[in-house]
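# Structural characterization, general
In case you want the letters, here they are:
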Amino acid sequence: MTIRFDAPYLKWATLRAPARLDLAGSAVSACTIDDLEGARDAIELTGDNTGAFPPLVAALSTRYGWPEAGITTTHGTSGANFLVCAALLAPGDEVIVERPGYDALLGAAQIFGARTIRFDRAFENGFALDPDRVRRAVTARTRLVVVTSPQNPTGVVAAPDALEEVGRIAATNGVHVLVDEVYLDAVASRATEGASVIRTAAAGGDVFISTSSLTKSYGLTGLRCGWILSSPALAERLQTVRRIVDVAGSIVTDRLAALAFSQIDRLTARGRALLDANHALARAFLRTRPELEWIAPGPGTLVFPRIRGVDDADTFARRLLEERETAVVPGRFFDAPAHFRIGLGGPSQVVRLGLEAIGAALDAAAW
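Structure report, in brief.

## Concerning the packing of helix α12 (residues 314-324) against helix α13 (residues 348-364)
- Viewed as axis vectors pointing N to C, α12 and α13 meet at an angle of 110 degrees, and their least axial separation amounts to 10 Å. Classified by the angle their axes make, α12 and α13 are roughly perpendicular. Crossing of α12 over α13 shows right-handed handedness. Contact with α12, carried on its side by F316, L320 and R324, involves A357, I358, A360, A361, L362 and A364 of α13 and no other residues of that element.

Dropping the structure here:
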């Protein structure tokens with residue numbers, strides 16, 4: 001049997017031409033090595049990180065209040081999601097995945113021969129997570145439910161009570177829930193600093209799995225440091241899978257990631273200051289554009305507007321790039337072709353000029 005899988009967005013994202021004003025990314029603007037205090041002195045090419053780097057695991061446990069036995073370190077969030085699928089899925093299983101959604105979550109399940117079933121987070125409902133849609137999608141073959149919170153591409157955070165209900169549905173049916181939380185730290189309130197959304201879920205036990213990394217909220221994409229928070233029993237299985245895939249991570253990455261957690265408050269403040277400024281720019285822009293419909297996201301890195309009366313924004317995005325050197329992500333890559341995704345994590349000057357270019361393109365369009 002030939003297993004079919006694809007990830008068209010990831011192919012586009014990695015092969016696309018550069019843009020002078022790039023609003024297609026989804027991460028906070030990258031740190032330099034000097035932004036990470038002590039990084040040059042911390043770099044070493046040797047060290048014991050077989051299975052995991054103990055200082056990094058300890059830092060994750062402290063940051064997220066999670067037992068060390070339930071932490072698996074990974075190569076980024078995509079690597080984390082891949083390991084979860086490898087540990088849980090077999091050919092013929094079903095995985096329920098939100099729509100609109102990030103195609104790597106579909107591709108990771110499909111690589112292992114699973115069938116992906118979609119449920120909608122609808123614009124008309126503010127892209128909210130609707131447990132009833134999940135309930136209707138569950139069958140006897142369901143093994144995993146996958147959501148992102150904040151959602152990629154909309155930036156909308158799943159309500160805790162909705163996650164709790166999805167957890168109860170999953171527990172009743174012997175299913176796991178994977179919550180990709182890679183954008184969460186960019187929107188977590190100061191009252192819940194560093195807390196994982198799934199810790200509010202009532203189901204507990206072995207149902208919920210959280211994946212995340214240092215990439216999106218902290219400007220540390222180049223480290224590719226990710227992790228999985230799960231039950232200790234599942235962590236044992238995940239760590240076995242990781243040993244098969246790549247044995248261990250880069251000791252350079254692990255050392256620098258542990259260093260980053262020692263100054264995570266400063267890195268958090270850096271990202272939030274940038275996002276606060278850029279959200280103010282985006283709100284001011286969107287309020288002046290009657291052509292656009294949009295749902296206010298959490299204060300993270302993404303917003304996902306659509307153009308009134310236009311079924312497919314792909315032509316708009318292409319002309320924006322060709323004529324104004326400004327990149328956004330066409331919504332077709334997330335199964336929402338009327339929309340386009342704007343990244344708000346870049347330098348404020350780039351965001352401001354990029355939004356002006358979008359406005360000029362809207363003014364010039366002949367609808």
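This is not the end of the story, as more comes after the structure.
## Here's the deal with the sheet that holds strand β2 (residues 71-75)
- The sheet built from 7 strands is open, its strands ordered β2-β8-β7-β6-β5-β3-β4 with mixed pairing. Each edge of the sheet is formed by a strand with only one pairing partner; in this case those strands are β2 and β4 (115-120). Between one strand and the next, the sheet's axes are offset by a mean angle of 25 degrees, whatever the strand orientation.
- When strand β3 (residues 94-99) meets β4, the two strands line up parallel, connected through 6 bridges. Across the sheet, the residue bridging to E94 is R115, located in β4.
- The sheet strands contacting helix α5 (residues 103-111) are β3, β4, β5 (142-148) and β6 (176-180), and the helix crosses β4 at an angle near 150 degrees.
- On the sheet, helix α9 (residues 232-245) packs against β2, β6, β7 (208-213) and β8 (225-229) and is oriented at approximately 30 degrees with respect to β2.

## Quick notes on the nonpolar core
- Ranked by internal contacts, the top residues of the largest apolar core, which has 37 residues, are V84, L89, V95 and L144.
- Contributions of two or more residues to this core are made by α4 (76-88), β3, α5, β5 and α9.
- Per-element accounting of this core gives the leading share, 6 residues, to α4.
- Sequence-distant contacts of L89, defined by excluding residues within four places in its chain, comprise V95, A109, F112, A114, R143 and L144.
- Judged by nonpolar contacts, the second largest core, of 28 residues, contains Y64, I71, C225 and A258.

## Section: α9
- Taking 1.5 Å of rise per residue, the 14 residues of α9 would be expected to cover 20 Å, and the 20 Å separating its terminal C-alpha atoms lies within 8% of that figure.
- Among all positions of α9, only L234, A235, L238, V241 and R242 are buried. Along the axis of α9, the buried residues cluster in a sector spanning 120 degrees; they form a single face. Among the exposed residues of α9, those pointing more than 90 degrees away from its buried face are A233, E236 and I244.
- Residues of α9 that are buried in the fold lie against β2, α4, β6, β7 and β8.
- Following α9 by one or two positions, V247 has its phi on the positive side, about 65 degrees.

## Concerning the environment of T221
- Residue position: T221 is located in the loop between α8 (215-218) and β8.
- Sequence separation between T221 and S29 is 192 residues, and the spatial gap between their C-alpha atoms is 9.2 Å.
- Residue contacts for T221: discarding those within four places in its chain leaves A27, L214 and T215.
- Within the local environment of T221, its side chain forms a polar contact with the backbone oxygen of T215, the two atoms lying 3.3 Å apart.

## Notes on the sheet that holds strand β10 (residues 302-303)
- Read across the open sheet, the 3 strands follow the order β10-β14-β13; overall the sheet is antiparallel. Only two strands of the sheet have a single partner each, and these edge strands are β10 and β13 (329-330).
- Of the pairings in the sheet, the one linking β13 to strand β14 (residues 340-343) comprises 2 bridges and is antiparallel in character. Each bridged residue has a counterpart across the sheet, and for P330 the counterpart in β14 is F340.

## As for the pairing of β5
- Among the 7 residues of β5, 6 are classified as buried, and the element is accordingly described as predominantly covered.
- Bridge count between β3 and β5: 4 bridges; the pairing is parallel. Paired with V95 across the bridge in β5 is L144.
- Strand direction decides the pairing type here: β5 and β6, joined by 5 bridges, are parallel. Residue pairing in the sheet places T148 in a bridge with D180 of β6.
- The parallel pair β5 and β6 is bridged by helix α7 (residues 160-173), and the resulting crossover is right-handed.

About the thresholds
- Residues numbered from 1 in each chain as written.
- Predicted model: local features only at pLDDT ≥ 70, side-chain atom pairs only at ≥ 80, totals over all residues.
- Heavy atoms only, no water.
- Axes fitted to C-alpha atoms, helices over the stretch in contact; angles between N-to-C directions.
- Helix = DSSP H or I, 4+ residues; strand = E, 2+ residues; numbered from the N terminus.
- Parallel < 35°, antiparallel > 145°, perpendicular 65-115°, else oblique.
- Left-handed = near helix turned anticlockwise from the far one by under 90°.
- Contact = heavy atoms within 4.5 Å.
- Pairing = 2+ DSSP bridges.
- Core = buried A, V, L, I, M, F, W, Y, C linked by side-chain atoms within 4.5 Å.
- Buried < 20%, exposed > 50% of the residue type's maximum accessible area, 1.4 Å probe, protein only.
- Expected span 1.5 Å × (residues − 1).
- Arc of directions from axis to C-beta.
- Polar contact = N/O pair within 3.5 Å; in protein donor to acceptor, adjacent residues only side chain to side chain.
- Right-handed = clockwise from strand over helix to strand, strands pointing away.

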